[in-house]
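The primary structure of each chain is shown beneath.
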Amino acid sequence: MERVSAFDEPLKKLLGGATAKVMAEHLDLHTVGDLLHHYPRRYEERGRLTALTELPLDEHVTVVAQVADARIMMFNNGRGKRLEVTLTDGSGRLQLVFFGHGVHKPHKELLPGRRAMFAGKVSVFNRKMQLAHPTYQLLDARSGDDGAAGEAEMTEAVDAFAGQLLPIYPACKQLDSWRIAKAVDAVLPSAQEAVDPLPPALRDGRGLVPLPEALLRIHRPQTKADIAAARDRLRWDEAFVLQVALARRRYADTQLPAAARRAVPGGVLDAFDSTLPFTLTEGQQKVTGEIFDALATEHPMHRLLQGEVGSGKTLVALRAMLRVVDAGGQAAMLAPTEVLAQQHHRSITEMMGELAEGGLLGGSDLGTKVVLLTGSMGTAARRQALLDLVTGEAGIVIGTHALIEDKVKFHDLGLVVVDEQHRFGVEQRDALRSKGKQPPHLLVMTATPIPRTVAMTVFGDLETSVLDQLPAGRSPIASHVVPAKDKPHFLNRAWERVREEVETGHQAYVVCPRIGDDADATAEKKGKTAKKQAAPDEEAEKRPPLAVLDIADQLAKGPLAGLRVEVLHGRMPPDDKDDVMRRFAAGQADVLVATTVIEVGVNVPNATAMVIMDADRFGVSQLHQLRGRVGRGSAPGLCLLVSEAHEAGPARARLSAVAATLDGFELSRIDLEQRREGDVLGQAQSGVRSSLRVLSVIDDEEVIAAAREEAVRIVADDPGLERLPELRTALDALLDKDREEYLDKG
C-alpha cells in the first residue's frame, strides 16, 4: 500500500482534535502541508517594543510590549474585582483588563518591567484603547531577587531574546499567533520531506535555496537574511507552479482540433474594408495580423485583446468576425448587459451598412445578417433570431448571456468574442464555446487596460494582443477635480461649462453612482447596516451616494433648466433604454444623466463633456472607462470629477491621479496598488488568489515573467512532465480541484 506523504497527514493526528478543528474551520488548514504553507505575515524582534499608537480599532491584534503598571480594582461594593494593566512602548500606552477569576494568574505574572506578547481585540473604553481578557506569552525571565544579581539576570534574559525574530502568523480569535507557532513547531520536522517542484538546474541557476530549507527559514528564521532567502524561494514556487499549469493549458489547447478560418479574397471583409473612411492605425494592423494568423491555424485561438479606451477594439473584433463569416462560419459576440449588447448591435450594423443586411431587400449580395439576441426580446423576434442562427442565415449574433441557453443552436460557430471578460463567469464562457461543432476560436476583449502581471496570472491561459495607440482624430480630454464641499462655486461653474458645451451644439453626460428608486432605497438601507460596523473612509461616505433620478430632477429645474435632460439606468425596461440611447445618439437630448451603464461601448462622438458626481465612489479604472465616453469626435473632451472627499484623503489622491494622466496602463497600475491584488484577482480567479501567499502581483513582475518563460520552455520540451515527477506532484497539491476546473474551463 502506498504510504501517505507527511504533507498529506491530517493535522488532528499531530495536534489533537480541538486545535485541528479550529484550524480547519477558521483558517482552512487541514493537513501538515497546509500548515507549513501558512507563512508568518511579519516578524517581531524580541525586545523591540511594538508601536501601540497605530492599533486598528475592532481588529484582532498581536503586540509585543512592556508592563508599566498593574493594579486590582474593586467594584460592586467589593463583590467584583478586575485587574487593569497598562502597557507601554515609549510612544503610546494600551490598557489591558481582566475580570473575575481570570485576574489571579496575570496578577502574579504581569509585573511592571515584564515584556510579553499579547493578543486580543482592540476596543475603546472611557476613550482609551484597551484589550479585554487578552491571551499572552511572557518573553523574559523573572528577575528573581532584588538588587544587582536580579538586574543582571533580567538584562541577560532580555539580551538573550533581543534580535531573535518572533513569527506573527495570520490568526483568528479562537487561535492566537503563538499557538499557531507551537503547532508549526510540532509539524516542522516534516518540512524535510517536502517534495521540491523546481527542476534542480533552474533552482541552482537562480541561486534559490532548497524547499525544505526555505520552509525552515520562513517559520524559524535566525536572521533577516533567512527570511529574504526563504521568501525568494517560495515566491518562485508559487509563480512557477501556476505558470506551468497555465502553460500546460495553452499547450493542451494547441492539441485541440478547430476549423482554420483563412482569408477569402473578394469576400465580405474586403467589401467592408473598402467602405472604411479612414486607415487602420499601426497598432490595429499589427493586432489584426496576430488574430488573423491565429484564426488560420487548425487549433483554437485563445487570445486576450486589451487596449486603451477608444483604441478601436470593436473594429478589430468585427474584422475578425467578418474573416470567419467569409470562411463559412458564424461569430458570436457576448456582452455583459443588454444596453451594451444593443449598443454593439447598433454600432456594428451602422459600421457595416448594407453589408449587415445579407438576404434582405436592398442588402448587399456579399453581406450577412447581423442579429441581436437578448433575454427581454419579444417572442416573434426571438424565434426569428434563433432560426437565423440554426440555418446559418445570420453570420454574426450579438447578445447577452441569453446566447448560452440550451435552445440556442448554431449552424457552424467559428468564433466567440467575449466583451469585458471580468464580468463573466468562466462557466458562461465555456458554455458558449461548447456550442461549436469543434471548439471555436475565442477572442476576449477587455476595455480596461490590465497590468502585465495580472494579464500573466489571471489571463495566463490566453495569448495577449495589446492596442496601445489611439486612432487619428481622437481628441484630447481635459480632466479636473471639482471640490464641491470646499468650493461650491466650482460646482456652479461645472454646470455653466455643460451649458456652454450644449450651446455650441454638443452634448454632455452626468454620471451618478445610484439610481434613486425604491429598490435602491432597500439596498441603501442594507448598506447602512453594514457600514455601522466599519469606519467611514471619507466624510462623504456619511451620506447616501447621489442618485440619477434626484440629480436629473434638480438639474432640469435648476442649473440646466431649459435643456433637454434625459435619464438612463439599468432598471429601465430594455426598449426604453434603447430608445433613450437612440435619441441621445441622434442629438435629440442635450444631457444624459446615467449610472455606469454607459461605462463601456457607448459611442456618441458629439458628446464632449462629462460630469461624474461623487467621483470618489468609483474605482480608478472605472473613472478612466467612463471618461473614455467623451472626446470621441473632433472636438476636445472635458471630464469633471465632482467630490466632497477630504483634500488630504486617499479618495482625493485617487481622483488627482485620474485627472493627471490619460494613460490607462499607468492608471491600472495605480488602481492595482491602491486596491491590492486580492481584490483584482478575487474578481477573476479565486484559485490564483488563494494560492498566492508570498508572491505579490504588484511587486513581483520580474519573478512572474521569468517563471512564465521557464514554464513555457519546460512544457514545450516535456508536456506531460514525465521527467519532472516532483513538479507534477506539486501541481496536484497546489491546484486543488476547484482551481484545476477553473483552468480547464479557461
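Look a little higher up for the structure.
This structure is a prediction, so every number in the text was calculated from the model and none was measured. The numbering scheme is per chain: residues are counted from 1 as the chain's sequence reads. Reporting of local features is limited, given that this is a predicted model, to residues whose pLDDT is at least 70; pairs of side-chain atoms are given and counted only at 80 or more, and all residues count toward the totals for whole chains, interfaces and linings. For side-chain calculations, the full set of non-hydrogen atoms in the structure is used, while hydrogens and water are omitted.

J.: Describe the overall build of the chain, listing the residues and the values that go with them.
T.: Secondary structure summary: the chain contains 28 helices and 21 strands in total. When accessible area is computed with a 1.4 Å probe and restricted to protein chains, residues below 20% of their type maximum are described as buried, those above 50% as exposed, and intermediate ones as partly exposed. Per-residue burial over the chain gives 53% buried out of 746 residues. Only heavy atoms matter for contacts: two residues are in contact if any of them lie within 4.5 Å across the pair. For the chain, restricting intrachain contacts to residue pairs at least 6 apart in sequence, the fraction spanning at least 24 positions comes to 74%. Counting from the N terminus, the helices are DSSP H or I runs at least four residues long and the strands are E runs at least two residues long.

J.: I'd like to hear about the packing of helix 13 (residues 338–352) against helix 20 (residues 574–585), residue by residue, with values.
T.: The angle between two axes is taken between their N-to-C directions and runs from 0 to 180 degrees, where each axis is a line fitted to C-alpha atoms and a helix contributes only its stretch in contact. At a minimum axis distance of 10 Å, the contact between helix 13 and helix 20 shows a crossing angle of 45 degrees. Classed by the angle they form, the pair helix 13 and helix 20 counts as oblique. The crossing of helix 13 and helix 20 is right-handed. Of the residues in helix 20, those in contact with Glu-338, Val-339, Gln-342, Gln-343 and Arg-346 of helix 13 are Pro-574, Lys-577, Asp-578, Met-581 and Arg-582. Looking at the contact of helix 13 with helix 20 residue by residue, the class counts come to 3 nonpolar, 2 polar and 5 charged. Each angle gets one of four labels, with under 35 degrees taken as roughly parallel, over 145 as roughly antiparallel, 65 to 115 as roughly perpendicular, and the rest as oblique. Definitions for this section: a left-handed crossing has its near helix turned counterclockwise from the far helix by less than a right angle. A right-handed crossing has that turn clockwise. Just so you know the grouping, Ala, Val, Leu, Ile, Met, Phe, Trp, Tyr, Cys and Pro go in nonpolar, Asp, Glu, Lys and Arg go in charged, and all remaining residues, Gly too, go in polar.

J.: Mind laying out the sheet that holds strand 9 (residues 302–307), listing which residues take part and the relevant values?
T.: Here a strand pair is declared whenever DSSP counts at least two bridges between the two strands. Spatially, the 7 strands line up as an open sheet ordered 11-12-10-13-14-9-15, and their pairing is parallel. Only two strands of the sheet have a single partner each, and these edge strands are strand 11 (369–373) and strand 15 (463–467). Pairs of neighbouring strands in the sheet enclose a mean axial angle of 20 degrees, with direction left out of account. In terms of strand pairing, strand 13 (residues 413–419) meets strand 14 (residues 441–446) through 5 bridges, oriented parallel. Counterpart to Leu-415 in the pairing with strand 14 is His-441. On the sheet, helix 13 packs against strand 10 (330–334), strand 11, strand 12 (394–399) and strand 13 and is oriented at approximately 170 degrees with respect to strand 11.

J.: Go over the environment of Trp-495 with me, naming the residues and quoting the values.
T.: As for its position among the elements, Trp-495 is in helix 17 (residues 488–503). For Trp-495, a relative accessible area of 7% gives the class buried. Considered as a pair, Trp-495 and Pro-559 are 64 residues apart in the sequence and their alpha carbons are 6.2 Å apart. Leave out the neighbours within four places in its chain, and Trp-495 touches Val-510, Leu-555, Pro-559, Leu-560, Val-611 and Met-613.

J.: Can you explain helix 20? Please cite residues and give values.
T.: An expected span of 1.5 Å times one less than the residue number is assigned to each helix. Between the first and last C-alpha of helix 20 there are 16 Å, a value that for 12 residues agrees with the 16 Å anticipated at 1.5 Å per step. Looking at helix 20, one finds that the buried residues are Lys-577, Asp-578, Val-580, Met-581 and Phe-584. The buried residues of helix 20 occupy one face: seen down the axis, they fall within an arc of 160 degrees. Where helix 20 is buried, its residues contact helix 13, strand 17 (507–511), strand 18 (565–568), strand 19 (591–594) and strand 20 (607–612). Backbone geometry just downstream of helix 20 places Gly-587 in the positive-phi region, at approximately 80 degrees. Arc, as used here, means the arc of the directions from the helix axis to the C-beta atoms.

J.: Got a sec to walk through the sheet that holds strand 21 (residues 637–643)? Specific residues and values, please.
T.: Pairing in this open sheet of 6 strands is parallel, and the strands run 16-21-20-17-19-18 from one edge to the other. In this open sheet, the two strands that pair with only one neighbour each are strand 16 (477–483) and strand 18. Each strand axis lies, on average, 20 degrees off the axis of its neighbour in the sheet, ignoring direction. As defined by bridge partners, strand 17 adjoins strand 19 across 4 bridges and the pair is classed as parallel. Among the inter-strand pairings, Tyr-509 is bridged to a residue of strand 19, identified as Leu-592.

J.: Break down unusual backbone geometry for me, with residues and values.
T.: Even without being glycine, Asn-126 reaches a positive phi, approximately 50 degrees. Residue position: Asn-126 is located in the loop between strand 5 (115–125) and strand 6 (128–132). Despite not being glycine, Arg-127 shows a phi value in the positive range, around 65 degrees. Along the chain, Arg-127 turns up in the loop between strand 5 and strand 6. According to the relative accessible area criterion, Arg-127 is exposed, its value standing at 83%.

J.: Before we move on, could you go through the side chain of Ser-311 and cite the residues and values that matter?
T.: Looking at the secondary structure, you find Ser-311 in the loop between strand 9 and helix 12 (313–326). The definition of a polar contact used here is a pair of N or O atoms within 3.5 Å, where within protein one atom must be able to donate a hydrogen and the other to accept one, and adjacent residues in sequence count solely through side-chain atom pairs. In terms of polar contacts, Ser-311 uses its side chain to reach the backbone carbonyl oxygen of Glu-308, at 2.7 Å. With sequence-adjacent residues up to four places away left out, Ser-311 is seen in contact with Gln-284, Leu-467, Gln-469, Leu-470 and Pro-471.

J.: Tell me about the pairing of strand 5, and please be specific about residues and values.
T.: Pairing analysis gives 4 bridges linking strand 5 to strand 7 (residues 135–138), with the strands arranged antiparallel. Each residue of the ladder has a partner; that of Met-117, found in strand 7, is Gln-137. The sheet contact formed by strand 5 and strand 6 spans 4 bridges and is antiparallel. Bridge pairing in strand 6 places Val-122 opposite Leu-131. The hairpin formed by strand 5 and strand 6 contains 2 residues between the paired strands, and Asn-126 there has a positive phi angle of roughly 50 degrees.

J.: So what's going on with the packing of aromatic side chains? Which residues, and what values?
T.: Paired rings are identified among Phe, Tyr and Trp, the last through its six-membered ring, by centres lying within 6.5 Å, and are further divided according to the angle between planes into stacked (under 30 degrees), edge-to-face (over 60) and tilted (the rest). Per the stated rule, a full pass over the model turns up 4 aromatic pairs. The interplanar angle of 40 degrees and the centroid separation of 6.1 Å between the aromatic rings of Phe-118 and Tyr-136 together place this pair among those described as tilted. Note that Phe-118 is positioned in strand 5 and Tyr-136 in strand 7, a separation of 18 residues in sequence. Each of the two residues, Phe-118 as well as Tyr-136, counts as buried. Ring geometry for Tyr-509 against Phe-584: centres 5.2 Å apart, planes inclined by 50 degrees, an arrangement best described as tilted.

J.: Account for the side chain of Thr-595, naming residues and giving values.
T.: Here Thr-595 shows up in the loop between strand 19 and strand 20. For Thr-595, a relative accessible area of 8% puts it in the buried group. If sequence neighbours within four positions are ignored, Thr-595 has contacts with Val-511, Cys-512, Arg-514, Ile-515, Val-548, Leu-568, His-569 and Gly-570.

J.: Explain the pattern of salt bridges to me, using residue names and the numbers behind them.
T.: The rule for a salt bridge is simple: a side-chain nitrogen of Lys or Arg has to be within 4 Å of a carboxyl oxygen of Asp or Glu. In this structure the tally under the stated criterion is 43 salt bridges. Between Glu-84 and Arg-71 there is a salt bridge; the shortest N-O distance is 3.5 Å. You can see Glu-84 sitting in strand 3 (residues 80–88) and its partner Arg-71 sitting in strand 2 (residues 60–75), a full 13 residues away along the chain. Glu-84 sits in the buried class, given a relative accessible area of 9%. Owing to a relative accessible area of 31%, Arg-71 belongs among the partly exposed residues under this scheme. Taken together, the shared-partner salt bridges in this structure form one network comprising Asp-196, Arg-203, Asp-204, Arg-233 and Asp-237.

J.: So what's going on with the environment of Thr-400? Which residues, and what values?
T.: If you trace the backbone, Thr-400 turns up in the loop between strand 12 and strand 13. On the basis of relative accessible area, Thr-400 is assigned to the buried category, the value being 2%. Note: C-alpha distance between Thr-400 and Leu-340 (60 residues apart in sequence) is 8.6 Å.

Treat this as a map of the structure, not an account of what it does.
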